[in-house]
Amino acid sequence: MEAATQLRRTPLHERHAGLGARLVPFAGWEMPVQYAGVIPEHLAVRADCGVFDVSHMGQLHVEGPTALAFLQGLLSNDLDRIGDGQAQYTLLTNERGGIVDDLIAYRLSPHHLLLVVNAGNTAAAFEWLKEREIRGSEVRDASAEYGLLAVQGPRSLERLGLPDAPAFSHAMGDVDGVEVMVCRTGYTGEKGVELLCPAEDAPALWDAVVARGAKPCGLGARDTLRLEVCYPLHGNDITPDTDAISAGLGWTCALGKEFTGAAKLRRIKEAGPARRLVAFVMEEKAVPRHGMPIEGGGEVTSGTHSPSLDVGIGLGYVPAARAAPGTELVVDVRGRPRRARVVPKPIYHPTKEDDG
């Protein structure tokens, strides 16, 4: 295991330690996995409001007169579909159609976009983009300059005193004197925002959000929440070796334009993928976990016990012929065959359907 002295810490590390959080290594960072416990934190987000420190995620600025054209040639989705003050979920793909990272692009102006990338992929995404820069565009890694808090749950905006806004939009705002970029995005399936601020302001912002009634939540609840609504986790459900079509992310691919791997993805879509990423619910008492075999040539990529549904749930790749909802699966749970069935996504429907 990575030594604690080698782990990076977010600007909120002292807050987590002061609250008695259980800290664990994650993607090179020392991060809180839970405070009061995964289940109460998970349920607080589903019923009310929780706050997550996601300052470990990367922030890459892409600026210049050709910034938009540059990213259009590298990202899978169509950035021409969004305007200033809007955001888009998209993929950074390789020549094989594999997923280098899944990320959100925030358009600040026609010549300036902010990419929020996964913590474990920040260096890889930055290098991928930097190596492919074109004249008139510049990529800058500004990750160390920011703190990022995800405030999620049906009462999140009410507790923050912020006005509602369309999903996948962003604007500057203020939370108790701290200036923030308010992003109507997240990773839980609930209504919520991600608040971006200068790193030095992150402790004051955290204190203000907690004082307003948001329950501190760790990575454990973040994982169970996203899995209930079938949001993929890079490194588990999607990787540089998995393609967007097989992963059910074809909707993020504007196959009418040219971007890295587009020709390969068009061929996969036309022929039909050999396997598909499906959601499933256990029909017998068991908790599926990453890497467990699924009978017939499949594999679990994410699995947990759902706090909302009180049942084992998961995502996994299976042969395309076995991907239809209602199909029975058999998961090898530590040497014991346990029945499951494929279900439509999402597995759990949030109380207020939203962007996540």
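Up top is the structure.
In this numbering scheme, every chain counts its residues from 1 along its sequence in written order. The predicted origin of the model limits local features to residues at a pLDDT of at least 70 and limits the giving and counting of side-chain atom pairs to 80 or more, whereas totals for whole chains, interfaces and linings rest on all residues. The side-chain figures draw on all heavy atoms in the structure; neither hydrogens nor water molecules are used.

Colleague: Lay out the overall build of the protein chain with the relevant residues and their values.
Modeller: Runs of E in the DSSP output that reach at least two residues are strands. Runs of H or I that reach at least four are helices, and both are numbered from the N terminus. The secondary structure content of the protein chain amounts to eight helices and 19 strands. Based on C-alpha atoms, the radius of gyration is set beside the globule rule, defined as 2.2 Å times the residue count to the power 0.38. On C-alpha atoms alone, the protein chain measures out to a radius of gyration of 20 Å, which is about the 21 Å that the 2.2 N^0.38 rule sets for 356 residues. Dimensions of the protein chain, computed from the C-alpha atoms along their principal axes, are close to 55 × 50 × 40 Å. Whether a residue is buried, partly exposed or exposed follows from its accessible area with a 1.4 Å probe, protein chains only, as a fraction of its type maximum: under 20%, in between, or over 50%, in that order. Within the span of the protein chain, comprising 356 residues, buried residues form 57% of the whole.

Colleague: Can you lay out the sheet that holds strand β10 (residues 170–175) for me, pointing to particular residues and giving the numbers?
Modeller: The rule for pairing is simple: two strands pair if DSSP sees at least two bridges between them. Taken in spatial order, the six strands line up as β10-β11-β12-β9-β3-β13 in an open sheet, and their pairing is mixed. In this open sheet, the two edge strands, each paired with only one partner strand, are β10 and β13 (215–217). The mean angle between the axes of side-by-side strands here comes to 30 degrees, regardless of whether they run parallel or antiparallel. Pairing of strand β3 (residues 50–53) with strand β9 (residues 146–152) involves four bridges; the strand directions are antiparallel. Orientation is described by lines fitted to C-alpha atoms, with helices fitted over the stretch in contact, and by angles between N-to-C directions that extend from 0 to 180 degrees.

Colleague: Explain the side chain of His13 residue by residue, including any values.
Modeller: On the secondary structure map, His13 appears in helix α1 (residues 13–18). According to the relative accessible area criterion, His13 is buried, its value standing at 12%. In this structure His13 touches Leu23 and Glu30, once residues within four positions along its chain are discounted. We call two residues in contact when some of their heavy atoms are within 4.5 Å.

Colleague: Tell me about the sheet that holds strand β4 (residues 58–63), and please be specific about residues and values.
Modeller: The strands that make up a sheet are held in pairs by hydrogen bonds between backbone atoms, and each pair lies either parallel or antiparallel. Overall, antiparallel pairing links the five strands, which are arranged β5-β6-β7-β4-β8 in an open sheet. Both outer strands of the open sheet, β5 (87–93) and β8 (138–141), are each paired with one neighbouring strand and no more. Averaged over all adjacent pairs, the angle separating strand axes in this sheet is 30 degrees, with direction ignored. Two elements, β4 and strand β7 (residues 112–117), share six bridges in a ladder whose sense is antiparallel. In the sheet register, Leu60 faces β7, and the bridge partner there is Leu115. Across the sheet, helix α4 (residues 122–131) touches β4, β5, β6 (99–109), β7 and β8, and the angle it forms with β8 is around 165 degrees.

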